[in-house]
Amino acid sequence: LEDAERPPMNTFRAQLRDDPDVASAVAAIRALLGFLKQDRGETIQGLRNSLRDAIDTLSRVDSSVAVSSGGELFLRFISLTSLEYSDYSKCKEIMIERGEIFLTKVSLSRNKIAKLCHPFIRDGARILTHAYSRVVLRVLEAAVESKKRFSVYVTESQPDEAGQKMAKALRKLNIPVTVILDAAVGYIMEKVDLVLVGAEGVVESGGIINKIGTNQIAVCAKAQNKPFYVVAESFKFVRLFPLNQQDVPDRFKYKADTLKTGQNLTEEHPWIDYTSPSLITLLFTDLGVLTPSAVSDELIKLYL
Amino acid sequence: MPGAAERGSELSEQIEAFAARLRRGGERPRSEDTARQTLSLLRKIVGHGRWSRAGELMDLIRTEGQRMTAAQPSETTVGNMVRRVLKVIREEYGRLHGRSEESDQQESLHKLLTSGGLSEDFRTPYPSLRANVIEAINEMLIELEGTTDNIAMQALEHIHSNEVIMTIGYSRTVEAFLKEAARELKFQVIVAECAPFCQGHEMAVRLSKVNIETTVMSDAAIFAVMSRVNKVIIGTKTILANGALIAVSGTHTLALAAKHHSTPLIVCAPMFKLSPQFPSEEDSFHKFVSPQEVLPFTEGEILAKINVHCPVFDYVPPELITLFISNIGGNAPSYIYRLMSELYHPDDYEL
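Residues numbered from 1 in each chain as written. Chains lettered and ligands numbered in written order. Predicted model: local features only at pLDDT ≥ 70, side-chain atom pairs only at ≥ 80, totals over all residues. Heavy atoms only, no water.

Where an unreviewed UniProt entry is consulted, chain B appears under the name Translation initiation factor eIF2B subunit beta, with the organism given as Catharus ustulatus. Turning to chain B, the UniProt record has this under Subcellular location (unreviewed entry): "Cytoplasm, Cytosol". (UniProt positions renumbered as here; feature names shortened; annotations may be inferred.)

Going by the annotation in an unreviewed UniProt entry, the name recorded for chain A is Translation initiation factor eIF2B subunit alpha, with Catharus ustulatus given as the source organism. The record in UniProt for chain A states the following under Subcellular location (unreviewed entry): "Cytoplasm, Cytosol". Taken directly from UniProt, the Sequence similarities (unreviewed entry) text for chain A runs: "Belongs to the eIF-2B alpha/beta/delta subunits family."

Moving on to the nonpolar core. In this structure, A:L140, A:L196 and B:M166 are the most contacted members of the largest nonpolar core, which totals 65 residues. Contacts of A:L140, omitting those with residues within four sequence positions, involve A:I121, A:I127, A:F150, A:V152, A:L170, A:I175 and A:L196. Grouped together as the second largest cluster of nonpolar side chains are 64 residues, A:F35, A:Y153, A:V230 and A:L287 included. (Core = buried A, V, L, I, M, F, W, Y, C linked by side-chain atoms within 4.5 Å. Buried < 20%, exposed > 50% of the residue type's maximum accessible area, 1.4 Å probe, protein only. Contact = heavy atoms within 4.5 Å.)

In this section: the sheet that holds strand β8 (residues 272-275) of chain A. Read across the open sheet, the three strands follow the order β5-β6-β8 (chain A); overall the sheet is antiparallel. Where the open sheet ends on each side, the last strands, each with one partner, are β5 (201-202) and β8 of chain A. (Pairing = 2+ DSSP bridges. Helix = DSSP H or I, 4+ residues; strand = E, 2+ residues; numbered from the N terminus.)

Here the focus is the packing of aromatic side chains. All names here are of chain A. Counting across every chain of the model gives six aromatic pairs over all chains. Pairing F120 with F284 gives two aromatic rings, centres 4.9 Å apart and planes at 70°, and the pair type is edge-to-face. In this pair, F120 is assigned in the loop between α6 (109-117) and β1 (125-130) and F284 in strand β9 (residues 282-285), connecting sequence segments 164 residues apart. You can call F120 buried: its relative accessible area is 8%. Judged by centre distance (5.4 Å) and plane angle (75°), the ring pair of Y229 and F284 falls under edge-to-face. Highlighted residues: Y229 in strand β7 (residues 228-231) and F284 in strand β9, separated in sequence by 55 residues. The pair Y229 / F284 is uniform in exposure class, with both members buried. (Phe/Tyr/Trp six-rings, centres within 6.5 Å; stacked < 30°, edge-to-face > 60°.)

All right, on to the sheet that holds strand β2 (residues 150-155) of chain A then. Strands in a sheet are paired, the pairing made by backbone hydrogen bonds, and the direction either parallel or antiparallel. All names here are of chain A. Strand order in this open sheet of seven strands is β3-β2-β1-β4-β7-β9-β10, and the pairing throughout is mixed. Lying at the two open borders of the sheet, with one neighbouring strand each, are β3 (177-180) and β10 (288-290). Strand-to-strand twist across the sheet, computed as the mean angle between neighbouring axes with direction ignored, equals 25°. Sheet analysis places β7 next to β9, joined by three bridges and oriented parallel. Counterpart to V231 in the pairing with β9 is F284. Sheet contacts for helix α8 (residues 162-172): β1, β2 and β3; angle to β3, the most-contacted strand, approximately 175°. (Axes fitted to C-alpha atoms, helices over the stretch in contact; angles between N-to-C directions.)

Chain-level pLDDT for chain B is 87 on average; 90% of the residues reach the 70-or-more range. Taken together, the chains of this predicted complex give a pTM of 0.87 and an interface ipTM of 0.81. (pLDDT = per-residue confidence, 0-100.)

A volume near 1200 Å³ is recorded for the second largest pocket. A:T281, B:Y315, B:P317, B:P318 and B:E319 are, among the 41 residues lining the second largest pocket, the residues nearest its centre. The set of elements that each furnish at least two residues to the lining of the second largest pocket consists of α10 (214-223) and α13 (292-303) of chain A together with α11 (251-260) and α12 (336-343) of chain B. The element best represented in the lining of the second largest pocket is α11(B), accounting for three residues. Each residue belonging to the lining of the second largest pocket can be placed in one class, and the counts come to 23 nonpolar, 10 polar and eight charged. (1 Å grid on protein atoms, 1.4 Å probe; cavity = no way out; pocket = protein on both sides within 12 Å on 5 of 7 lines; lining within 4 Å. Points joined across faces, edges and corners; volume = space filled by probe spheres on them. Nonpolar A, V, L, I, M, F, W, Y, C, P; charged D, E, K, R; others polar.)

What follows deals with unusual backbone geometry. Here the bond from A:Q158 into A:P159 is cis, since omega is 5°, no more than 30 degrees from zero. With respect to the helices and strands, A:P159 occurs in the loop between β2 and α8. A cis geometry characterises the amide bond from B:A195 onward to B:P196, with omega recorded as 0°. If you trace the backbone, B:P196 turns up in the loop between β2 (188-192) and α9 (199-209). Although it is not a glycine, A:S157 adopts a positive phi angle of roughly 60°. Here A:S157 lies in the loop between β2 and α8. One non-glycine residue, B:N162, lies in positive phi territory at about 60°. Here B:N162 shows up in the loop between α7 (155-158) and β1 (164-168).

Here we come to the pairing of strand β9 (residues 323-326) of chain B. Residues and elements named next belong to chain B. Direction of pairing for strand β7 (residues 265-268) relative to β9: parallel, over a ladder of three bridges. Its bridge partner being in β9, C268 is matched across the sheet by I325. Of the strand pairs in this sheet, β9 and strand β10 (residues 329-331) are connected by three bridges, and their pairing is antiparallel. Along β10, the bridge assignment pairs I325 with G330. Hairpin remark: β9 followed by β10, antiparallel, with two residues in the connecting loop.

Attention now moves to the packing of helix α2 (residues 24-38) of chain A against helix α4 (residues 65-84) of chain A. All names here are of chain A. Their axes nearest at 8 Å, the elements α2 and α4 cross at an angle of 40°. It follows from the interaxial angle that α2 and α4 lie oblique. In terms of crossing hand, the pair formed by α2 and α4 is right-handed. Side by side, α2 and α4 meet where S24, A25, A28, I29, L32, L33 and L36 of the first sit next to A66, V67, G70, G71, F74 and I78 of the second. (Parallel < 35°, antiparallel > 145°, perpendicular 65-115°, else oblique. Left-handed = near helix turned anticlockwise from the far one by under 90°.)

See below:
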């Protein structure tokens, strides 16, 4: 079991290290595809079981929602393909081929989203964003390329100061950026024209799971009637339906290392929160511009 | 072939004439008429245009469509019809190509995972494609004829005896809707006159001709009267992809007043008014006409010192709308995305 564990973890870690721009779900799927190629089993059932173990191992490295959704998607992909072909070896060939096609498609998703989203940024807009999101960065890059002038406010996003990282990346693009305290969101909201955030996961109700502080921003935006836009790739759609913050499973809220030590979680600060769909104006995904009610439709089409 | 060239240039002239009429925009054309004219033109293009493959036809329709929509961007029905025809072509091609009826044309997570390769390239020629597409367009024209009646048929489900209904301006769809209900019930209608063109007056005259008790009032009195109103029923120019409306100027005020009093706001609009565009920076739905109506030119001196605008349309956000009644039934604004995916193909959202 030790040998079977090592390859996906190593590929996964290596990818995250070598390409900081890759989404963690994509890295997970790539690692799982590699695992699939090496698998020596003869049955679909055996394959599914070993894949589940592999996904568990990956979540022990990175407990984010994205890895979980990537893993679920991959399992679903296996099930769908296995339904079409009863011969296992043929099935495996098709799976590997389709897996590669899928990976090429998702690598284009950020550009698709940027193309859809940048017309919503008007010339002279003031945008508020939260923490560090590569998709938001790509969208703002596309807006700059289409010669729009705008300024950005980024929340500092404690405890890891991801906002500073985002500000640095934005300065490189020559976008005027101001880092603000997380507590200053209510203060700055009246100056802002729109709020643009990424998402770690998009849940079935159309709400999102994102870095802690997103819910606050959404509530302030709603109170001041500012549009709240979310940009996320479609592989982040996850089969959760939280009704409140407590419903989000603990394994997503805290880092993998914290969960491993098994200490009392009431002392820990969660890293993510849930934003309900009533606070979100539009979601920009590679499947198109969606209203929150359209998200569950997409998930149903896939999983049921 | 002299015949084809002649037909080609005649067709081109007709399209140019249509575009010129749209651009001039003098009389306020009925959306249904614009839709019908667009479909007839598109049918001619399919019938007489020079194309041999589905891909070429789609490019041809797209180019002509862009020309027509550029003439008057606020007439969104033109673009909608072009997109409907493009979807019809894709469907007919798919059917002839032997693709199963169930295969989803839309992008979806499911398709992302199971598709084996590149998307359609529409390059195989099929001789019966022309006839099939023309037949489908004829079906759409027939459907167009029946839209107002289909909407009016639903009137009795929504209007009850002794109700007070408020409307704004003049909408032929709402007129038919109220007249159908008036055949069996007695109710009152309050019409907001909708300055500066005051189309509300014409609406009131038409309604009173069928013995509906009508009151006309100024737009400023909308909020004051709202507490006595049971329902607000309005028409619209366009329905946007997020469920919002582009309607006559004054509708947003009406919608806000209705929301404040928790009065249901019902929008009667046929499906051809549904446009896959979102309200964004590049929206060109707004139309400004001569400010003569707002401040007449006879005012002379003051004109040099001020700016006068006369916008025709208003944006109404989806949260203020309760129900859409269309020729295919009643729907909530949050369901619009689904209706859109049935009418148009995502690749055609950008013409």
